[in-house]
Every structure is written in structure tokens, then in C-alpha cells.
Amino acid sequence: MYCTTIEDSHVCSLRRVVGRWNVGVGVAAFTAVLVAPLMSTEFHAHATEPPAATATEPAAATELAPETEKPHAMVSAAVSATDALDRLAEGNKRFAAEASMHDHESMSRRSALMKGQHPFAVIVGCADSRVPPELIFDQGFGDLFVIRNAGNLVATDVTASIEYAVRHLDTQLVVVMGHEGCGAITAALESAETRSHEPMELQAVLKMIEVTLSDHKHPADPKERVSAAVRANVVAAVKRLRYLAAEHADPELMKAKFVGAVYNMKSGTVDFFE
Ligand SMILES: [Zn+2]
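Residues numbered from 1 in each chain as written. Predicted model: local features only at pLDDT ≥ 70, side-chain atom pairs only at ≥ 80, totals over all residues.

### A closer look at the overall build of the protein
Line of reasoning, step 1. Broken down by element type, the protein carries 14 helices and five strands.
Line of reasoning, step 2. A total of 274 residues make up the protein; the buried ones form 34% of that total.
Line of reasoning, step 3. Once local pairs closer than 6 in sequence are excluded, the contacts in the protein between residues at least 24 apart make up 74%. (Helix = DSSP H or I, 4+ residues; strand = E, 2+ residues; numbered from the N terminus. Buried ≥ 20, exposed ≤ 12 C-beta atoms within 10 Å, placed from the backbone. Contact = placed C-beta atoms within 7 Å.)

Below is the structure:
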């Protein structure tokens, strides 16, 4: 049922790399597929035939795994959306209090993950260097399935990545996280004349963000205006994901929980909302 649209054929392409994903090559294959110009005619022509992975096979897991693995390093099974949200909130609380544990960063953890992954949450965040989800939520290797771009925009490639995580990695929580003072959102609020000086691709992205802000109120105060737009952009993304889940009538995708969030860079805290 998934190969009838551009977006769906992308998911089908992803499925071809599923078998290799968990042993490392999937990362390269996934990158090769997603970095393709998703909106271009080239993508239309080659959507069902992903580029071949070029990465070399990693060493077998048994060669890297230690003789004895620490219990905490084992790969956990699927985590419920409620528990996942609690885990994120607790991790952010540690981070904001400068009490991060930096767990799941050991060699034994990395070795355990050679066998597979079950990230407990998908985070769609901004590419801004000041908002790294793993640090903000005090998580380590294998914990989060992170997708980032300017303005945490949920376009086709992002949707496909989310579908992959929910369907194939048993991830049940999807968080779209904006952040205060987002440059992409600020730029999207500029006039079309101002944006016209940017490269065409960037203009296209800013236009897509602008569309998500069409219904929101525009406070007169510039700072409040950006804050309102950051939140509105997240709300629009969550709505879009819920709509797509319902449109596909996919039981697995529909059971995922979609949550919005905004990160405050000054306090280090994340405000979740549904
Ligand atoms: Zn940003």
C-alpha cells in the first residue's frame, strides 16, 4: 500500500536497506537516499531505485563485542510513548540542572548496538548547532532517532524517516522540537523582498515555513513574534504528522504519539505540549 506516491515509494526504498541498516551500512545507504533532491524531477525518476551503498562492511559484531556486557549496555526493547516522554523530561531536567549523566556512551553500549537499535523517541529538531537533542535530553548512543533541518520542517524526507523509525525500529514517540530565537523562523518572517536575496533552495524552505505560519497571530513585539511563530511552526508540524498517520490509515503509524516541544536556550528547559 505504500508504493503509490512519491513519499511512499521513498519508504519502500528505505525498506530495501532495512536488512543492512542495523549492521552499519544502512547509515550510508540512508544518507544516499535522503540526500537526493526529494522535490526534484530526478527524484521522481529514480524514486524506486535507491543508489547502491558504497560503504564497506563493518567488522562483525562478535569481533567488537566485549566478552561480558554491562546490563545497562544491552539494547532495550520498545518503550511506550508515555515512558519515552518521561525519559526525555527526566533527561532534560538533568541537563538543565547541569547534572547530565552522559550514560550510553561506552564501548560496550556501542558494541551492543551493533546487533540492532530501538531508539525510544524520534526527535525532529532544528539544525541549529546550539540545540543538539542528545545533549538537551541527556541521552546516548541508540536512544534517539534524530532528524534535523533548518526550522525543524516536516517535509517529505522527514516524514519518510519518521515512518521508518515507527514501523521498523518500534519507536512510539515522535517529538517535533522548535527553539527560541530560531534563525530559520526569523528569516521566514522577513518580507519576500528580503528573502529574495537568498539562494533559491533556501528561499523554498523559508516559503514552506511561512506557509505553516499563515494562521498564527503576529504580535507586534519582534521577540514575541518569533516565539509565537516557533510554536506555531511546531503545532503545524504535529498536525501534519497526525493527518498523514490518519490518511495512511496505518495502525502502526497511528499508534505513535506525536508531541510538540520548544527548547529555551537560556534556561536549557524543554516545554512539551500536545
Ligand atoms: Zn532554528
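### Some words on helix α13 (residues 222–248)
In an α-helix, one turn spans 3.6 residues, which is why side chains three or four residues apart end up on the same side.
Line of reasoning, step 1. Taking 1.5 Å of rise per residue, the 27 residues of α13 would be expected to cover 39 Å, and the 39 Å separating its terminal C-alpha atoms lies within 8% of that figure.
Line of reasoning, step 2. Of the positions making up α13, those classed as buried are Ala229, Val230, Ala232, Asn233, Val234, Ala236, Ala237, Val238, Leu241 and Ala245. (Expected span 1.5 Å × (residues − 1).)

### Let's talk about the environment of Leu169
Line of reasoning, step 1. Take Leu169: it is sitting in the loop between α9 (156–168) and β3 (173–179).
Line of reasoning, step 2. On the basis of neighbour count, Leu169 is assigned to the buried category, with 20 C-beta atoms found within 10 Å.
Line of reasoning, step 3. Note: C-alpha distance between Leu169 and Pro119 (50 residues apart in sequence) is 7.0 Å.
Line of reasoning, step 4. The contact partners of Leu169, leaving out residues within four places of it in the chain, are Gln117, His118, Pro119 and Phe145.

### Notes on the environment of Ala150
Line of reasoning, step 1. With respect to the secondary-structure elements, Ala150 resides in the loop between β2 (144–149) and α9.
Line of reasoning, step 2. C-beta crowding within 10 Å serves as the criterion here: with 18 such atoms nearby, Ala150 is assigned to the partly exposed category.
Line of reasoning, step 3. If near-sequence neighbours (up to four positions away) are discounted, Ala150 is found in contact with Cys126, Ala127, Ala184 and Val205.

### Focus: the sheet that holds β3
Line of reasoning, step 1. Taken together, the five strands give an open sheet; going across it, the order is β2-β1-β3-β4-β5, and neighbouring strands pair in mixed fashion. Two strands in the sheet have a free side with no partner beyond their single neighbour: β2 and β5 (270–273). When the angles between neighbouring strand axes are averaged without regard to direction, this sheet yields 25°.
Line of reasoning, step 2. Bridge count between β3 and strand β4 (residues 257–263): seven bridges; the pairing is parallel. The partner of Val176 across the bridge, within β4, is Gly260.
Line of reasoning, step 3. Across the sheet, helix α6 (residues 81–96) touches β1 (121–126), β3, β4 and β5, and the angle it forms with β3 is around 35°.
Line of reasoning, step 4. Running over the sheet, α9 touches β1, β2 and β3 and is turned about 180° from β2. (Pairing = 2+ DSSP bridges. Axes fitted to C-alpha atoms, helices over the stretch in contact; angles between N-to-C directions.)

### Structural notes on the confidence of the model for the protein
Line of reasoning, step 1. Chain-level pLDDT for the protein is 77 on average; 72% of the residues reach the 70-or-more range.
Line of reasoning, step 2. A low-confidence stretch, residues 1–74 stays under pLDDT 50, and its non-local contacts, those more than four residues away or across chains, total 85 contacts. (pLDDT = per-residue confidence, 0-100.)

### Focus on the pairing of β1
Along a regular strand, successive side chains alternate from one face of the sheet to the other.
Line of reasoning, step 1. Burial within β1 is extensive, with six of its six residues counted as buried.
Line of reasoning, step 2. In this structure, β1 lies alongside β2, joined through six bridges in parallel fashion. Bridge pairing in β2 links Val124 to Ile147.
Line of reasoning, step 3. By the bridge criterion, four bridges tie β1 to β3 in an arrangement that is parallel.

### Considering the nonpolar core
Line of reasoning, step 1. One finds Ala121, Val122, Val124, Leu173, Val175 and Met177 to be the most contacted residues of the largest nonpolar core, which totals 56 residues.
Line of reasoning, step 2. Counting residues per element, this core draws most heavily on α13, which supplies nine residues.
Line of reasoning, step 3. The contact partners of Leu173, leaving out residues within four places of it in the chain, are Ala81, Ala84, Leu85, Phe120, Ala121, Val122, Lys257 and Val259. (Core = buried A, V, L, I, M, F, W, Y, C linked by C-beta atoms within 7 Å.)

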